[in-house]
Amino acid sequence: MSEHFDVHGGARLVGEVEVVGAKNSVLKLMAAALLAEGTTTITNCPQILDVPLMADVLRSVGCEVVIDGGTATITTPAELSHRADSPAMGKLRASVCVLGPLVGRLKKAIVALPGGDAIGQRPLDMHQSGLRKLGATTTIEHGCVVADAETLQGAQVWLDFPSVGATENILMAAVLAEGTTVIDNAAREPEIVDICTMLTEMGAKIEGAGTSTLTVHGVETLHPTEHRVIGDRIVGATWAFAAVMTRGDLTVTGVNPHHLDLVLEKLRHAGAEITTFDEKGFRVVQHDRPKSVDFVTLPYPGFATDLQPFAVALSAVSEGTAMITENLYEARFRFIEEMMRLSADARTDGHHAVVRGVEKLSSAPVWASDIRAGAGLVLAGLCADSVTEVWDVFHIDRGYPHFVENLNRLGARIQRVAGDPDRT
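From a predicted model like this one, the values you see are computed outputs, not experimental measurements.

Time to look at the packing of aromatic side chains. Any pair of aromatic rings gets described here by the distance separating the centres and the angle formed by the planes. Counting across every chain of the model gives six aromatic pairs. Relative to phenylalanine 295, the ring of phenylalanine 241 has its centre 6.2 Å away and its plane inclined at 45°; by these criteria the two rings are tilted. In this pair, phenylalanine 241 is assigned in helix α7 (residues 233-245) and phenylalanine 295 in strand β18 (residues 295-296), connecting sequence segments 54 residues apart. By the burial criterion, phenylalanine 241 is buried, and phenylalanine 295 matches it. Pairwise contacts between aromatic rings join Phe241, Phe295, Phe303 and Phe310 into one cluster.

Set out below in C-alpha cells:
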C-alpha cells in the first residue's frame, strides 16, 4: 500500500525546529567503523530510513549493529567478510562507501553497485581510479565492484571533479595504506571534515580537512571511537526555504550556520531577515512576498545541488523571474515537471531553468522522484490554493526525520494517508 501526504495550502510556519545529524555524514561514519576492530558509537544519528539500511549493509559483512534512538553502536569483528552484497545495497547510494574501508582493511572487496535517488548518472570511475592509484585492481563484475590488492601504497591522486563519494572512499582506503597519500581537488563539504575528524579520533593522520588537498599519512591500525554527527545543513536549509516561502518566522537549531553562508545570503537577497547564532543555528523571518534570486549549483562552498528543488520552489512563488542553473546532476530538473502540475511557470533548456513567479500555486497530485524533490513539493504545497497530494513519500522519509510532525507543530496542516494513487 502506497502512502502520500495531504498538504493544505495557506500555512505560515512559525516556531523553532531542531536539526539532528546529517544524512550525508552519518552513513559514511557508520562505514568508517569497519576500519577498526571493536565497538564504535555514533551519536546524534537522524532517525531516517537510510540508517537501518546501512546497518543491514554492515551486518552483511559481519558487524553487530544496534540502533537505539539517535545512537548507533557498531561492533566490528576481527574477521570481516569482504563481500557486501546485502539487498539494502540497492536502496541507498551511500552503501558504496563501504568499498574504501574494506579495501583499506582487508585489501579486497566485492561491493554490490548501489541504488538511491533518481537524479542522474553518478558513475564510480573516480572511486576505482583512486583505488588503482593506491595499488588495487578494480573491475565491475556481475553487478559488483570487485577490488583486490596485495598491499596499498600511498600515492598522488587527482580527482577530475571534487566528488564527495570518491574523496571518502579513497580517504578511507588511504588511512591504512603504507606511506603518504595526497588527494588533490578533494571535496570540501562539511561532511568530509566530519569524517576526517572521526578518522583522526580513531588514530588516522590527516591534514587539510576542509581544503581541496587532503594529505593522509598511513598508519598500521585504527581504534574504535565515539563520535557525534554534525548537524544536517541540507535539512537546515530546507527549513530556511520553508520560512521564506510561507512568509514565516523560524528559528533553526542544531546546525552550524556557517555551513549555509551562501544559502542564507541568497535568502537575504530574496528579502529575508536572518540572524545567526554562532555555530548553533539561525533565525529566518520573511514579511513580504519573496523576490526572485538566481541560483547556480556547484560543489561546496557553492550552492548545493541537493537544494536546487527548493530554489525552484521558492522561485515559483517569488516576485519576478529567476534563472536556476544545474551543473551537477542532469535529472534534477525532473522536479520541474511536477512543479508545473502545480501551475508553476517554468521552462528548461539544457541545464538551465527559467522560473517566473506566480502569486499562488494550484493544488494537484504530484510525485516525488528523490528525497529533496519530495520535500520541495511539500513546501510548494504549503503555498498552493487547496490540498496537494504528494506521492512516493518514502523518499522524504529517507532524509527527514519527523517531517510531518515538525510541520504540523510549526503551523502547517499535513497528514500521512495510506492508499494507492489514481493516475487516471
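Picking up where we left off.
A word on the pattern of salt bridges. Enumeration over the complete set of coordinates arrives at 14 salt bridges. As a salt-bridge pair, arginine 233 and glutamate 191 come within 2.9 Å of each other at their nearest N and O atoms. Taken together, the residues arginine 233 in helix α7 and glutamate 191 in helix α6 (residues 190-201) connect sequence positions 42 residues apart. We classify glutamate 191 as buried; its relative accessible area is 4%. Close ionic contact of glutamate 338 with arginine 341 constitutes a salt bridge, the shortest N to O distance being 3.0 Å.

Regions with low pLDDT should not have their predicted coordinates read in detail. Averaged over every residue, the pLDDT of the chain is 94; residues scoring 70 or more account for 96%. Scored below 50 in pLDDT, residues 116-122 makes 25 contacts in the model with residues more than four places away or belonging to other chains.

Looking now at α7. For α7, which comprises 13 residues, the first-to-last C-alpha distance of 18 Å matches the rise-based estimate of 18 Å (1.5 Å per residue) to within 8%. Arginine 247 sits one or two positions beyond α7 and adopts a positive phi of about 55°.

Further remarks concern the UniProt feature "binding site: UDP-N-acetyl-alpha-D-glucosamine" (unreviewed entry) in the chain. The UniProt record marks Arg93, Asp306 and Leu328 with the feature "binding site: UDP-N-acetyl-alpha-D-glucosamine" (unreviewed entry), using the residue numbering of this structure. Among all residues touching aspartate 306, those that are not within four sequence positions of it are Asn24, Ile234, Arg332 and Arg372.

The four strands are arranged β4-β5-β3-β14 in an open sheet whose pairing can be described as mixed. Each edge of the open sheet carries a strand with a single partner, namely β4 (64-68) and β14 (226-228). The average angle at which neighbouring strand axes cross in this sheet is 15°, direction not considered. Here helix α2 (residues 50-60) sits on the sheet in contact with β4 and β5 (71-76), set at roughly 165° to β4.

What counts as what
- Residues numbered from 1 in each chain as written.
- Predicted model: local features only at pLDDT ≥ 70, side-chain atom pairs only at ≥ 80, totals over all residues.
- Heavy atoms only, no water.
- Phe/Tyr/Trp six-rings, centres within 6.5 Å; stacked < 30°, edge-to-face > 60°.
- Helix = DSSP H or I, 4+ residues; strand = E, 2+ residues; numbered from the N terminus.
- Buried < 20%, exposed > 50% of the residue type's maximum accessible area, 1.4 Å probe, protein only.
- Salt bridge = Lys/Arg side-chain N within 4 Å of Asp/Glu carboxyl O.
- pLDDT = per-residue confidence, 0-100.
- Contact = heavy atoms within 4.5 Å.
- Expected span 1.5 Å × (residues − 1).
- UniProt positions renumbered as here; feature names shortened; annotations may be inferred.
- Pairing = 2+ DSSP bridges.
- Axes fitted to C-alpha atoms, helices over the stretch in contact; angles between N-to-C directions.

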